[in-house]
Amino acid sequence: MALPPATCTTLAPGAHDWRGAGSRLSDAGSGAGAFQFGRLTLGFVLTPLTAHVARYGDTRSRNVPVLAGNGWILPAGVDGECRWEGPSRFLNLELDAATLQQVAGGVALPDFDAVYAFQDPLAQQLAMQLHALGGADENAFGVYRDQLTLALAAHVLQQVAQAPREARALPDARLMKAVELMQAKLAAPLTLDDLAAAATLSPFHFAKAFKATYGSAPHQYLTQLRIERAQQLLRTTTRSIADIVEAVGYSNASHFTAAFRKATGVTPAAYRRG
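Just so we're clear, the structure is a prediction, and the values are computed from it rather than from any experiment. (Residues numbered from 1 in each chain as written. Predicted model: local features only at pLDDT ≥ 70, side-chain atom pairs only at ≥ 80, totals over all residues. Heavy atoms only, no water.)

Caption draft 1: Layout of the nonpolar core. Leu 42, Ile 73, Leu 93, Leu 95 and Leu 152 are the most contacted members of the largest nonpolar core, which has 25 residues in total. Only β2 (21-28), β4 (40-45), β9 (88-95), β10 (115-118), α2 (121-133) and α3 (138-162) provide two or more residues apiece to this core. The element best represented in this core is α3, accounting for 6 residues. Here Leu 42 is in contact with Trp 72, Ile 73, Leu 91, Asn 92, Leu 93, Phe 118, Ala 123, Ala 127, Leu 152 and Val 156, once residues within four sequence places are set aside. (Core = buried A, V, L, I, M, F, W, Y, C linked by side-chain atoms within 4.5 Å. Buried < 20%, exposed > 50% of the residue type's maximum accessible area, 1.4 Å probe, protein only. Helix = DSSP H or I, 4+ residues; strand = E, 2+ residues; numbered from the N terminus. Contact = heavy atoms within 4.5 Å.)

Right, dumping it as structure tokens:
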């Protein structure tokens, strides 16, 4: 499982607190710091972090690349530390126990393991909207904000109740070996067997555990890594598009263009111009 970039104590821009919840949008360059979450926390990374080292609880520190849009749900009381290179932007939204208990209708809140690197566009949309309303006028937006808070709390509780504990229990290092192989060989052809072997799992169990942990199939995750690498090369180098196509593992320029357009909405040439 990937560890999330967390709310570090050295960063606190864009912070809001209101009845039932609080949020913090962090926007910075390279950095490091400790983090601690006193309440159940939902978070999303908004820019990819390929050079990112994190420690959660008493686990050892490890390099954890995180894709844009990856989310996490952490139980109250989590602490650790993280450091990263390059621009970073991430949102953490904390939900207090009273709000969660209200949504649960008096039923005991589920005891859950931290959920990392999942994809949940609805939860991200609600969290971003709540953060935007965090500093809004109470009289004008208070009721709407309360409704959104309860809706997000219900959604989060549903997620942690349904998350497969057996998949979450899989040691981080096994899946991370596959992710590290993807990163190291973006330009090379990779098969499911290659990735499963890196994780020392059968292809079936690897694909199932990877999807449960990262929220996408291994080939989708690899495609996203390749597109993000291509975006970086288009932004920061003058290498030809044909050269970039080869550098990110595509043998066919038209296939690359189609995948790039699907992921970004524009062609590689238009992305470079824009």
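Caption draft 2: Local environment of the sheet that holds strand β3 (residues 31-37). Read from one edge to the other, the open sheet built from 4 strands follows the order β3-β8-β5-β6, with strand pairing classed as antiparallel. In this open sheet, the two edge strands, each paired with only one partner strand, are β3 and β6 (62-63). With 5 bridges joining them, strand β5 (residues 52-56) and strand β8 (residues 78-84) adopt antiparallel strand pairing. Paired with Tyr 56 across the two strands is Gly 80, which belongs to β8. (Pairing = 2+ DSSP bridges.)

Caption draft 3: Molecular detail of the pattern of salt bridges. Overall, the coordinates contain 2 salt bridges when judged by the stated rule. Note that Glu 94 and Arg 39 form a salt bridge whose closest N and O atoms lie 3.2 Å from each other. Residue Glu 94 is found in strand β9, and its partner Arg 39 is found in the loop between β3 and β4; the two are separated by 55 residues along the sequence. Judged by its relative accessible area of 18%, Glu 94 is buried. Exposure remark for Arg 39: the relative accessible area of 23% places this residue in the partly exposed category. Residue Arg 239 is joined to Asp 243 by a salt bridge in which the shortest nitrogen-to-oxygen separation is 2.9 Å. Given a relative accessible area of 30%, Asp 243 falls into the partly exposed group. (Salt bridge = Lys/Arg side-chain N within 4 Å of Asp/Glu carboxyl O.)

Caption draft 4: Looking closely at the environment of Ala 217. Mapped onto the elements, Ala 217 comes out in the loop between α7 (203-214) and α8 (218-236). Its relative accessible area of 17% is what places Ala 217 among the buried residues. Setting aside chain neighbours within four positions, we find Ala 217 in contact with Phe 210 and Lys 211.

Caption draft 5: Looking closely at the packing of α8 against helix α10 (residues 253-264). At a minimum axis separation of 10 Å, α8 and α10 run at an interaxial angle of 90°. The angle between α8 and α10 falls in the class roughly perpendicular. Counting all contacts with α8, which are made through Ile 227, Ala 230, Gln 231 and Leu 234, the residues of α10 involved are Phe 256, Ala 259, Phe 260, Ala 263 and Thr 264. Along the lines of polarity and charge, the residues of the contact of α8 with α10 split into 7 nonpolar, 2 polar and no charged. (Axes fitted to C-alpha atoms, helices over the stretch in contact; angles between N-to-C directions. Parallel < 35°, antiparallel > 145°, perpendicular 65-115°, else oblique. Nonpolar A, V, L, I, M, F, W, Y, C, P; charged D, E, K, R; others polar.)

Caption draft 6: Structural context of the environment of Gly 134. Here Gly 134 is to be found in the loop between α2 and α3. Under the relative-accessibility criterion, Gly 134 is labelled buried at 10%. Other than its neighbours up to four places away in sequence, Gly 134 contacts His 16, Trp 18 and Arg 145.

Caption draft 7: Representation of the pairing of β8 in the model. Where burial is concerned, the two faces of β8 differ: the one with Val 78, Gly 80, Cys 82 and Trp 84 is buried and the one with Asp 79, Glu 81 and Arg 83 is not. For β3 and β8, the ladder comprises 7 bridges, and the chain directions are antiparallel. Paired with Ala 32 across the strands is Arg 83, a residue of β8.

Caption draft 8: The arrangement of the pairing of β4 in detail. With 6 of 6 residues buried, β4 lies mostly within the body of the structure. Where burial is concerned, the two faces of β4 agree: the one with Leu 40, Leu 42 and Phe 44 and the one with Thr 41, Gly 43 and Val 45 are both buried. Summarising the sheet, β4 and strand β7 (residues 71-74) pair through 4 bridges and their orientation is antiparallel. Within β7, the residue paired with Phe 44 across the bridge is Gly 71.

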